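Descriptive analysis of the structure
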Amino acid sequence: MALRTIRTEGDSVLAKKSRPVKEMTQKIRDLILDMLDTMYDAMGVGLAAPQVGILKQIVVIDVGEGPIVLINPEIIETSGEQTGEEGCLSVPGMSGLVTRPNYVKVKALDINMEEVEYEGTELLARAFCHEIDHLEGKMYTELVEGELHHVTYDEDDEEEEY
Ligand code: NI
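This one's a predicted model, so the numbers in the text were calculated from it and none came from an experiment.

A closer look at the side chain of Gln51
Relative to the assigned elements, Gln51 resides in the loop between β1 (46-48) and β2 (58-61). For Gln51, a relative accessible area of 0% puts it in the buried group. For Gln51, the side chain forms a polar contact with the side chain of Ser90, separated by 3.0 Å. Once residues lying within four places of it in the same chain are set aside, the contact partners of Gln51 are Thr5, Ile6, Arg7, Leu14, Gly46, Cys88, Leu89, Ser90, Glu131, His134 and Tyr162.

Focus: the environment of Val21
When you line up the elements, Val21 lands in the segment before α1 (26-41). Along the backbone, Val21 and Ile71 are 50 residues apart, and their C-alpha atoms lie at a distance of 6.9 Å. Apart from residues lying up to four places away in sequence, Val21 is in contact with Ile28, Lys56, Gln57, Ile58, Ile71, Asn72 and Met113.

Brief notes about the pairing of strand β3 (residues 68-79)
Here four bridges tie β2 to β3, and the two strands are oriented antiparallel to one another. Bridge pairing in β3 links Ile58 to Ile71. Sheet topology note: the β3/strand β6 (residues 103-109) ladder contains six bridges and is antiparallel. Residue pairing for β6: Glu77 is matched across the bridge by Lys105.

So, helix α2 (residues 122-135)
Taking 1.5 Å of rise per residue, 14 residues should cover 20 Å, and α2 covers 21 Å from first to last C-alpha, within 8% of that figure. α2 sits mainly inside the fold: 12 of its 14 residues count as buried. Taken residue by residue, α2 has Leu124, Ala125, Arg126, Ala127, Phe128, Cys129, His130, Glu131, Ile132, Asp133, His134 and Leu135 as its buried positions. Following α2 by one or two positions, Gly137 adopts a phi angle in the positive range, close to 80°.

Some details on the sheet that holds strand β8 (residues 145-150)
Pairing between the strands of a sheet comes from backbone hydrogen bonds, and it takes one of two forms, parallel or antiparallel. Pairing within the open sheet is antiparallel, and its three strands lie in the order β4-β5-β8. Of all strands in the sheet, those bounded by a partner on one side alone are β4 (82-86) and β8. Averaged over all pairs of adjacent strands, the angle between strand axes in this sheet comes to 25°, irrespective of strand direction. Pairing of strand β5 (residues 94-100) with β8 involves three bridges; the strand directions are antiparallel.

Notes on the coordination of the nickel ion
At this site the nickel ion is bound by Cys88 (SG), His130 (NE2), His134 (NE2) and Tyr162 (O), with donor distances of 2.0 to 2.2 Å. Because the angles between the four donor atoms bound to the nickel ion fall within 96 to 133°, the donor set is best described as tetrahedral. Within one chain, the residues serving as donors to the nickel ion are arranged as C-x41-H-x3-H-x27-Y. A residue pair is termed long-range when its members are at least 10 positions apart, and Cys88 in the loop between β4 and β5 and His130 in helix α2 qualify at 42 residues. Neither Cys88 nor His130 differs from the other in exposure class; each is buried.

Here is what the cut-offs are and how they apply
- Residues numbered from 1 in each chain as written.
- Predicted model: local features only at pLDDT ≥ 70, side-chain atom pairs only at ≥ 80, totals over all residues.
- Heavy atoms only, no water.
- Helix = DSSP H or I, 4+ residues; strand = E, 2+ residues; numbered from the N terminus.
- Buried < 20%, exposed > 50% of the residue type's maximum accessible area, 1.4 Å probe, protein only.
- Polar contact = N/O pair within 3.5 Å; in protein donor to acceptor, adjacent residues only side chain to side chain.
- Contact = heavy atoms within 4.5 Å.
- Pairing = 2+ DSSP bridges.
- Expected span 1.5 Å × (residues − 1).
- Axes fitted to C-alpha atoms, helices over the stretch in contact; angles between N-to-C directions.
- Donors = N, O, S within 2.8 Å, 3.2 Å for Na, K, Ca; no water.
- Tetrahedral: all angles 85-135°; square planar, octahedral: opposite > 155°, others 65-115°.

Put into structure tokens, the structure is as follows:
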């Protein structure tokens, strides 16, 4: 296990589309474990493979309910709306208001390449959208309503980075 370097805004890898994973290999298993370590080390709630420089459709998420690994994820249902502060491990120290669906259902493969479905509301729904956007080369900063702002110390505890 190892920590990987998190790429930050301006790195062209973050603007590229990721490719689907066709089969599980030891290398990809190691990558997923490293991504989890890297996310926890950075105290983020989600991390997508392009953020560590790998253009594969892999996402890890933990909103405090245990780790979720999504391979080749697809959003299959959304409903409602939530507007809230969002941040990103690739845009450290910044945050902005983003509107997302309040409910999101995703279909993906797990680490054993078996089909899984997850439903999330609120923070988890937001994390699904944010991470899946990374796989499309999209950053949340494109969606921010109003101004992207510096996270102040007080807010730091409440705001999540993905
Ligand atoms: Ni992010």
